[in-house]
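Coordinate analysis (summary)
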Amino acid sequence: MVWSGAADAPLTVRIRALAPSLHAGELRVAEFIAADLASAVESTAQDVADQAGAGRATVVRTAQTLGYDGYPQLRVAAAQELSHLSSPDESDGTLHGALRAASERFAARIGDSVSAITEEALRAAVTALDEAGRVLIVANGLSSPLGLDMQLRLTAAGRPAEILQDSLAQRIAARQLSPKDVCVIVSGSGANESSLAVMRSAREAGARVLAITSFSRSPLVEGSDASLVVPSTADSFQDELLHTSRVALMLVVESLIDALITHRGERGREARDAVLRVLGTAISES
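Described in the following lines is the structure provided in the data block. (Residues numbered from 1 in each chain as written. Predicted model: local features only at pLDDT ≥ 70, side-chain atom pairs only at ≥ 80, totals over all residues. Heavy atoms only, no water.)

**Description of the packing of helix 2 (residues 24-35) against helix 5 (residues 56-65)**
Keep this limit in mind: Axes here mean lines fitted to C-alpha atoms, for a helix over just the part in contact, with angles spanning 0 to 180 degrees between N-to-C directions. Where helices and strands are cited, they refer to DSSP runs of H or I of at least four residues and of E of at least two residues respectively, numbered from the N terminus. Working rule for angles: under 35 degrees goes down as roughly parallel, over 145 as roughly antiparallel, 65 to 115 as roughly perpendicular, anything else as oblique. Throughout, a contact is declared for two residues whenever any of their heavy atoms are within 4.5 Å. Nonpolar residues are Ala, Val, Leu, Ile, Met, Phe, Trp, Tyr, Cys and Pro. Charged residues are Asp, Glu, Lys and Arg, and all others, Gly as well, are polar.
Relative to each other, helix 2 and helix 5 sit at 80°, their axes nearing to 9 Å. As judged from the angle between their axes, helix 2 and helix 5 are roughly perpendicular. For the pair helix 2 and helix 5, the contacting residues are Gly25, Glu26, Val29 and Ala30 in the first and Thr58, Val59, Arg61, Thr62 and Thr65 in the second. Residues that form the contact of helix 2 with helix 5 fall into these classes: three nonpolar, four polar and two charged.

**A closer look at the pattern of salt bridges**
Side-chain pairs of opposite charge can arise where the charged atoms are in close proximity. Formally: Only one rule defines a salt bridge in this text: a Lys or Arg side-chain nitrogen within 4 Å of an Asp or Glu carboxyl oxygen. Throughout this description, buried means an accessible area under 20% of the type-specific maximum (1.4 Å probe, protein chains only), exposed means over 50%, and partly exposed covers the range between.
In this structure the tally under the stated criterion is 12 salt bridges. The closest approach of N and O atoms between Asp130 and Arg267, which form a salt bridge, is 3.2 Å. Of the two residues, Asp130 sits in helix 8 (residues 119-131) while Arg267 sits in helix 15 (residues 266-282), which places them 137 residues apart along the sequence. On the basis of relative accessible area, Arg267 is assigned to the partly exposed category, the value being 42%. Close ionic contact of Arg272 with Asp258 constitutes a salt bridge, the shortest N to O distance being 3.2 Å. Of this pair, Arg272 sits in helix 15 while Asp258 sits in helix 14 (residues 247-263), and the two are 14 residues apart along the sequence.

**Quick notes on the environment of His23**
One can find His23 in the loop between helix 1 (11-18) and helix 2. In this structure the C-alpha to C-alpha distance between His23 and Val221, which are 198 residues apart in sequence, comes to 18 Å.

**Points about helix 6 (residues 71-84)**
Cut-off, in case you're wondering: One less than the number of residues in a helix, times 1.5 Å, gives the span that helix is expected to have. Working definition: the arc comes from the directions between the helix axis and the C-beta atoms, pointing outward to the latter.
With 14 residues, helix 6 ought to run about 20 Å at 1.5 Å a step, and its terminal C-alpha atoms sit 20 Å apart, in line with that. Taken residue by residue, helix 6 has Tyr71, Leu74, Ala77, Ala78 and Glu81 as its buried positions. Projected down its long axis, helix 6 shows its buried positions confined to an angular sector of 110°, all on one face. Exposed side chains of helix 6 directed beyond 90 degrees from the buried face belong to Pro72, Val76 and Ser83. Looking at the packing, one finds that the buried side of helix 6 touches helix 1, helix 2, helix 3 (37-42), helix 4 (45-52) and helix 5.

What follows is the structure, given as structure tokens:
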């Protein structure tokens, strides 16, 4: 299985999305390249193999897994990404400086992360949500807040959705879906066992499964009918494990609901107007 996301997705975005599923040798090569794009541009496949402790064939295979014809094409992609990189200010040692530096790093990378989503995948997700009889949202662990946010936003958009927190209740609800329904599973790792159990129950019921995750080669993506893959904006896979940021996923969830409202036309506008009328009566003067 090779990269199946957007053709113009940057090299490091592909590496972050595929890292958990790469073989040990491929992962060493990918991490070496991601850690020093400039060196990758100047190195041959054999150079990388020697420095990463892998065979030349592994370097070529890694390039192909990432969606390139071979290592020369990967070098071109590395050079192109380097030309687009900005240099955010480093932290000045203060808490505010650290916050500013983190915000600048995120701003510099979020565009690349969302570029991994294809137009086809986005349209498939919007259409599935619009046409579904029922929408069941499942999110566990650190992705739970994203699931609740999505449920509230969908309901406010005139597309009522359900969410349950108990893992057994999630599986029961998924098994009672029909082929006309959609089960949306939000999982940063794409490997949360509780969420995967719900995915299997939904598939057994014949419902469509829509995945929103950070890694393209994951059990969740492999078992879903459609997926939106948003690679993490972390510096490395290790950083993703330590910090488990869901900021990029949240941005995509919000944008997906906005796209759904636009897709629904008059129905979407009426739903938004209804929400504004409710808010107008709920807000008091200070």
